[in-house]
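Analysis of the macromolecular model
Chain residues, written in single-letter form:
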Amino acid sequence: MIVITAPTGNIGRRLLPLLLESAPAYGEELRVIVRDPARLPDAVRERVEVLTGSHGDADVVDRAFEGADAVFWLVPPDSSLPPIDAYCGFTRPAVKALAAHGVGHVVGVSALGRGTPVAGRAGLVTASLAMDDLIAGTGVAYRALACPSFFENLLEEVDSIREKGVFTDAADAGRKAPLVAVADIAAVAAGLLLDRSWTGAGSVPVLGPRDLSPGDLARIMTEQLGRPVRYERLPLGDLRDALVGYGLNEAFVQGVVDMKRAKDDGLDTGVTRTPDTASPTTFEQWCAETLKPAVLT
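Rules used throughout
- Residues numbered from 1 in each chain as written.
- Predicted model: local features only at pLDDT ≥ 70, side-chain atom pairs only at ≥ 80, totals over all residues.
- Heavy atoms only, no water.
- Salt bridge = Lys/Arg side-chain N within 4 Å of Asp/Glu carboxyl O.
- Helix = DSSP H or I, 4+ residues; strand = E, 2+ residues; numbered from the N terminus.
- Buried < 20%, exposed > 50% of the residue type's maximum accessible area, 1.4 Å probe, protein only.
- Pairing = 2+ DSSP bridges.
- Axes fitted to C-alpha atoms, helices over the stretch in contact; angles between N-to-C directions.
- Contact = heavy atoms within 4.5 Å.

1. Brief notes about the pattern of salt bridges
Going through the model one piece at a time under the given rule, you end up with 17 salt bridges. A salt bridge links Asp-133 to Arg-114, with the nearest nitrogen and oxygen atoms 3.1 Å apart. Here Asp-133 is found in helix 5 (residues 124-136), whereas its partner Arg-114 is found in the loop between strand 5 (105-111) and helix 5, with 19 residues between them in sequence. Residue Asp-133 is classed as partly exposed on the basis of its relative accessible area, which comes to 46%. On the basis of relative accessible area, Arg-114 is assigned to the partly exposed category, the value being 43%. Between Asp-216 and Lys-176 there is a salt bridge; the shortest N-O distance is 2.5 Å. Linking Asp-216 in helix 8 (residues 214-225) with Lys-176 in the loop between strand 8 (166-169) and strand 9 (177-180), this pair joins segments that are 40 residues apart in sequence. When its relative accessible area of 11% is taken as the criterion, Asp-216 is described as buried. Connected through salt bridges with shared partners, the residues Asp-172, Arg-175, Arg-233 and Asp-264 form a single ionic network.

2. Description of the sheet that holds strand 7 (residues 149-150)
Taking strand neighbours across the sheet as the criterion, the three strands line up as 7-9-11 in an open arrangement whose pairing is mixed. Bordering the open sheet on either side are strand 7 and strand 11 (211-212), each of which pairs with just one other strand. Relative to strand 11, strand 9 runs antiparallel, the two sharing two bridges. Looking across to strand 11, one finds that Ala-177 is bridged to Leu-212.

3. Focus: the sheet that holds strand 3 (residues 49-52)
In space, the seven strands of this open sheet follow the order 3-2-1-4-5-6-10, with parallel pairing throughout. Strand pairing shows two members of the sheet lacking a second neighbour, strand 3 and strand 10 (201-205), which therefore form its edges. Direction aside, neighbouring strands of the sheet carry axes that sit 20° apart on average. Against the sheet, helix 1 (residues 12-26) touches strand 1 (2-5), strand 2 (30-34) and strand 4 (70-73), its axis set at about 160° to strand 2.

Purely spatial values, then, with no claim about function.
Here it is as structure tokens:
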């Protein structure tokens, strides 16, 4: 039995079809925890056991982890809480349920940065790494998917790209760093969940095929979209003011700012890309398949 949290999110909705395709061959059943089962496609809902609720709720995870052999764990971002509460506070009920039910393996979505000089002052990432330690402390076999920023973050800028030909971030325009498609993260997660020959606790970096700078992204988007796209660097103070203006928790906002500063200071560049840590989807491919239809509609 594999339990999938956040099955309708960016990663979960790509993970589920992979598991549904392969799980029968491995003799696996699938159980999902979802707030709104109506968001699951009909074809998926008919083939999985559905448990309605939040996986931050103690009663829900206690029921969900009964009889479970493996869990896919993803904490949904909660901008109403300080980062440590959003990650570790949310995860603590699950940690108790993992131990109570003797779950053998957990695959969690986390972040790059462990072991770097800025890991302890990286805001949301520091909280995510603390979450990893919390899960690993149960003694369960644990793999943290150590991820950089996602290509999909650019979908939040579709309107600006379409209307102004501009996207923004806080990084230096020339700073190269890994970036990844969420489909690649889902594929790695599926492999780990289905072949559970691994033991102990550790990280599995998912680095994409190559490092890219904001300037590189602008050039590739210009080529793929057939229209000029340029990058504008957003000062961290302006980012902070904008997020606070949206009503986000101020400690969470500080966590975002600290994460952005740490990324610009090399948080994501502490792992060497190898055939084992690279993933296949290129930014060019992602632009053609995902960004271009979104911008041109």
